[in-house]
Amino acid sequence: MRTNPGIPQSSKGRLPKWLKVTLSVFGVLFVIALIFGESPADDAPPAAAPTVTVAPTTTTPASAVPQPAEYVVTEVGNGNTVKLTGTTGAKTVRVLGLETPPPTGESCFRAEAYEWAKQMLAGKEVLAVVDDARDVVLSLALADGTDYVAKALETGHAKYATDVALGSAAAGLRSAESAAKAAGLGLWAAPCHGVITSAPKAEPAPVPVPQPAPVAPPKTTTKTTTKTPPPAAAYYKNCDAARAAGAAPLHRGDPGYRAQLDRDDDGVACE
């Protein structure tokens, strides 16, 4: 076997140097890939599922809704404040839907409105829906079924006061107020004209209209007629007396004429 001089012969079983370097480089790259080459998403913890909060559903019990109950009106403070006495005791409440003249200060139609309310409610049995949470009356009916709020509005003894708790009844109450206003009833008439929170304005005095001077009636002259009394009845004893008096001859119908003096009965005596 021939060998080239100057070129060293590799030992049997050794890897070439260039192969070692190549393998070393691949080894380093593999280690780097293991350390830095993993996906960040693989290391991140799994995302938590979104939390959905469900609001609890509350159901208002039927007992919480105000129910009609029978009461007796034991006191009437004004047109929209009353004291009701029932099985659960007495309570002072405000009637929704009504605006009445204020109890103090200047006002118009106060006495009339309060007196009417007392006549309508004092000592009467009523059917009322009371909201104890607000101390208000949602509806108030007399024993004969008359709706007190509607009656007060349609007669002009109160004004309508809006409230969301009135619900569908509000439209009818507005109509009752409009009818009273159109007819000029109660507080809608003079001198209030619908203004109940101030004193009534004095009506202007009417301007006197000058009257023409009286004309004296024309004088009337009354003609007085003097009646001449009839001459006294004449009596002549005989024709000589008649002739002596200058009355002869006497005709029938003349004073002093007598049938005894007219012997021939020709209507002429003492010829």
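Below, the structure is looked at part by part. (Residues numbered from 1 in each chain as written. Predicted model: local features only at pLDDT ≥ 70, side-chain atom pairs only at ≥ 80, totals over all residues. Heavy atoms only, no water.)

### Concerning empty space enclosed by the protein
- Throughout the structure, instances matching the rule amount to one cavity of 30 Å³ or more.
- When its volume is computed, the largest cavity comes out at roughly 30 Å³.
- Those elements giving two or more residues to the lining of the largest cavity turn out to be α3 (110–121) and α4 (148–154).
- Split by residue class, the lining of the largest cavity holds seven nonpolar, three polar and no charged. (1 Å grid on protein atoms, 1.4 Å probe; cavity = no way out; pocket = protein on both sides within 12 Å on 5 of 7 lines; lining within 4 Å. Points joined across faces, edges and corners; volume = space filled by probe spheres on them. Helix = DSSP H or I, 4+ residues; strand = E, 2+ residues; numbered from the N terminus. Nonpolar A, V, L, I, M, F, W, Y, C, P; charged D, E, K, R; others polar.)

### Here's the deal with helix α5 (residues 169–183)
- Between its first and last C-alpha atoms α5 spans 22 Å; for 15 residues at 1.5 Å apiece the expected length is 21 Å, and the two agree.
- Every buried residue belonging to α5 is among Ala-170, Leu-173, Ala-176, Glu-177 and Ala-180, and all of these are buried. One side of α5 holds all its buried residues, which, seen down the axis, span an arc of 125°.
- Looking at the packing, one finds that the buried side of α5 touches α4 and β7 (159–160).
- Of the residues flanking the end of α5, it is Gly-184, one or two places downstream, whose phi is positive at about 65°. (Expected span 1.5 Å × (residues − 1). Buried < 20%, exposed > 50% of the residue type's maximum accessible area, 1.4 Å probe, protein only. Arc of directions from axis to C-beta. Contact = heavy atoms within 4.5 Å.)

### Quick look at the state of the cysteines
- In this structure the tally under the stated criterion is two disulfides.
- One disulfide in the model links Cys-108 with Cys-192; its S-S distance is 1.8 Å. Because the torsion about its S-S bond is -85°, the bridge between Cys-108 and Cys-192 counts as left-handed. With Cys-108 in the loop between β4 (98–99) and α3 and Cys-192 in the loop between α5 and α6 (239–244), this pair connects stretches of sequence that are 84 residues apart. The same class applies to Cys-108 as to Cys-192, namely buried.
- With cysteine numbering restricted to those in disulfides and following the sequence, the protein chain has the pairing 1-2, 3-4. (Disulfide = S-S within 2.5 Å.)

### Here we look at unusual backbone geometry
- Omega for the bond connecting Ala-190 with Pro-191 falls within 30 degrees of zero, at 5°, which places this linkage in the cis form.
- The backbone phi angle of His-193 is positive, close to 55°, even though this residue is not glycine.
- Inspection of the secondary structure assignment puts His-193 in the loop between α5 and α6.
- The phi dihedral of Asp-265 is positive, around 50°, even though this residue is not glycine.

### Observations concerning a nonpolar patch on the surface
- On the surface, a nonpolar cluster with roughly 560 Å² of combined accessible area is contributed by Val-21, Val-25, Phe-26, Val-28, Leu-29 and Ile-32.
- Among the structural elements, Leu-29 can be located in helix α1 (residues 17–36). (Patch = residues over 30% accessible without salt bridge, like charges linked within 9 Å, V, L, I, M, F, W, Y side chains within 5 Å. Areas by Shrake-Rupley, 256 points an atom, 1.4 Å probe, with all protein chains shown as cover. Salt bridge = Lys/Arg side-chain N within 4 Å of Asp/Glu carboxyl O.)

### Looking at the nonpolar core
- Core analysis: the largest hydrophobic core is formed by 31 residues, its most contacted members being Leu-84 and Leu-121.
- Per-element accounting of this core gives the leading share, five residues, to α4.
- For Leu-121, the contacting residues outside a window of four places in its chain are Val-73, Val-76, Val-82, Val-126, Leu-140, Leu-142 and Tyr-148.
- Phe-109, Tyr-114, Trp-188 and Cys-192 belong to the second-largest nonpolar core, a separate cluster that totals nine residues. (Core = buried A, V, L, I, M, F, W, Y, C linked by side-chain atoms within 4.5 Å.)

Geometric values such as these leave the question of function open.
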